[in-house]
Amino acid sequence: MSHDDLGDTRPTPFVVVESNVVHTGLMSTLRVDRIALPDGAVVSREIAQRPDAVAVVPLTSDGQVVMLRQYRHAIGRYELEIPAGLLDIEGEDEDAAAQRELVEEIGMAAGRLQRLTRFWNSAGWSDEATTVFVGTDLRPATPDDGFVAEAEEADMEVLRLRFIDALDQVHRGQISDAKTVIGLLFVAAAQRAAP
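All of these numbers come straight from a predicted model, not from anything done at the bench. (Residues numbered from 1 in each chain as written. Predicted model: local features only at pLDDT ≥ 70, side-chain atom pairs only at ≥ 80, totals over all residues. Heavy atoms only, no water.)

### Digging into the overall build of the protein chain
We count it as follows: Segments assigned H or I by DSSP are reported as helices when at least four residues long, segments assigned E as strands when at least two residues long, and all are numbered from the N terminus. We call a residue buried when its accessible area falls under 20% of the maximum for its residue type, exposed when it is over 50%, and partly exposed in between, using a 1.4 Å probe and counting protein chains only. Whether two residues touch is decided by their heavy atoms; if any such pair falls within 4.5 Å, the residues are in contact. Reported accessibility uses the Shrake-Rupley method at a 1.4 Å probe radius. Residues are deemed covered only where the shown protein chains occlude them. A residue counts as positive if it is Lys or Arg and as negative if it is Asp or Glu; His and the chain ends are not included. Lysine's charge is taken at NZ, arginine's at CZ, aspartate's at CG and glutamate's at CD.
Along the backbone of the protein chain there are three helices and ten strands. Moving toward the C terminus, one meets the helices and strands of the protein chain in the order β-β-β-β-β-β-β-α-β-β-β-α-α. If you line up the protein chain on its principal axes, its C-alpha atoms span 60 × 45 × 35 Å. By the burial criterion, 37% of the 195 residues in the protein chain qualify as buried. If you take every contact in the protein chain between residues at least 6 apart in sequence, the share linking residues at least 24 apart comes to 57%. Just so you have it, the protein chain exposes about 11300 Å², and 51% of that area is on carbon and sulfur atoms. Put simply, the protein chain has 18 plus and 33 minus side-chain charges, and the middle of one group is 7 Å from the middle of the other.

Given below as structure tokens:
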């Protein structure tokens, strides 16, 4: 899926007059663009280029959601999240990446994977987009040979919450990770709309 699938793709009156990469890291590149505005002014904008990502709301047959408690260094705390990860394997499509993340992070695969939405993570400064799925018909699965959880992922805790309780935590601000909030709210809306 391309970024063209995310909104208005008409040409804009904003023109990039200069673009310079100022940092290249493990999972992101930072560039500074000089942009000519419609009124003729020129401004600088920092852009973080990152691989796109996938996330999955894994639902059990008894109404639970499988989640992770994971340390996130950028905010200096643990967050309760749905399984997710970057599209960082050459040629891997979103569905395959979503299944891989489920297996690596919660030890389960989904018999059914349904796309819920795709959103810009932070359109004001990053080009990263995340596609969110719901996964059902979960079954135990083991990662490919050679996979070893490292760093923060080695410390993740897998939890099961009643879906209704997880949704309540969203509404009370106790679950605040964006992809998780979006995924849980989409599932709740789909459940309300179901006959």
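So, next bit.
### Focus: the environment of Val187
Along the chain, the position of Val187 falls in helix H3 (residues 178-193). Judged by relative accessible area, which is 4%, Val187 ranks as buried. For the pair formed by Val187 and Glu81, sequence separation is 106 residues and the distance between their alpha carbons is 15 Å. Sequence-distant contacts of Val187, that is, excluding residues within four places in its chain, are made with Val57, Leu59, Leu116, Val134 and Phe163.

### Regarding a nonpolar patch on the surface
The condition that has to hold: Surface patches are drawn from residues lacking salt bridges whose relative accessible area is over 30%; two like charges belong together within 9 Å, two nonpolar side chains (Val, Leu, Ile, Met, Phe, Trp, Tyr) within 5 Å. We define a salt bridge as a contact between a side-chain nitrogen of Lys or Arg and a carboxyl oxygen of Asp or Glu at a distance within 4 Å.
A contiguous nonpolar surface patch, about 240 Å² in accessible area, is contributed by Val15, Val17 and Val42. Val17 gets classed as exposed once you look at its relative accessible area, which sits at 53%.

### Describing the sheet that holds strand E2 (residues 29-36)
So the rule is basically this: Strand pairing requires that DSSP identify at least two bridges connecting the strands. Orientation is described by axes fitted as lines to C-alpha atoms, over the contacting stretch for helices, and by angles from 0 to 180 degrees between their N-to-C directions.
Read across the open sheet, the three strands follow the order E1-E2-E3; overall the sheet is antiparallel. In this open sheet, the two strands that pair with only one neighbour each are strand E1 (15-24) and strand E3 (42-49). Each strand of the sheet is rotated relative to its neighbour by a mean of 20 degrees, with strand direction disregarded.

### Brief notes about the sheet that holds strand E10 (residues 157-162)
The strand order across the open sheet formed by three strands is E6-E5-E10, and the pairing between neighbours is antiparallel. In this open sheet, the two edge strands, each paired with only one partner strand, are strand E6 (77-81) and E10. If you compare each strand with its neighbour and ignore which way they point, the axes differ by 30 degrees on average. Pairing geometry for strand E5 (residues 64-72) and E10, over six bridges, is antiparallel. Paired with Gln64 across the two strands is Arg162, which belongs to E10. In this fold H3 packs onto E5 and E6, with an angle of close to 170 degrees to the strand it touches most, E5.

### Some words on the packing of aromatic side chains
Aromatic ring pairs are described here by two measures, namely the spacing of the ring centres and the angle between the planes. Selection rule: Only Phe, Tyr and Trp rings are paired, with Trp represented by its six-membered ring, and only when their centres lie within 6.5 Å; those with planes under 30 degrees apart are stacked, over 60 edge-to-face, the remainder tilted.
Summed over all chains, the structure comprises one aromatic pair. Summarising the aromatic geometry, the rings of Tyr71 and Tyr78 are spaced 5.8 Å apart at their centres and angled 65 degrees between planes, so their arrangement reads as edge-to-face. Take Tyr71: its relative accessible area is 24%, and that puts it in the partly exposed class. Residue classification places Tyr78 among the partly exposed residues on the basis of a relative accessible area of 43%.

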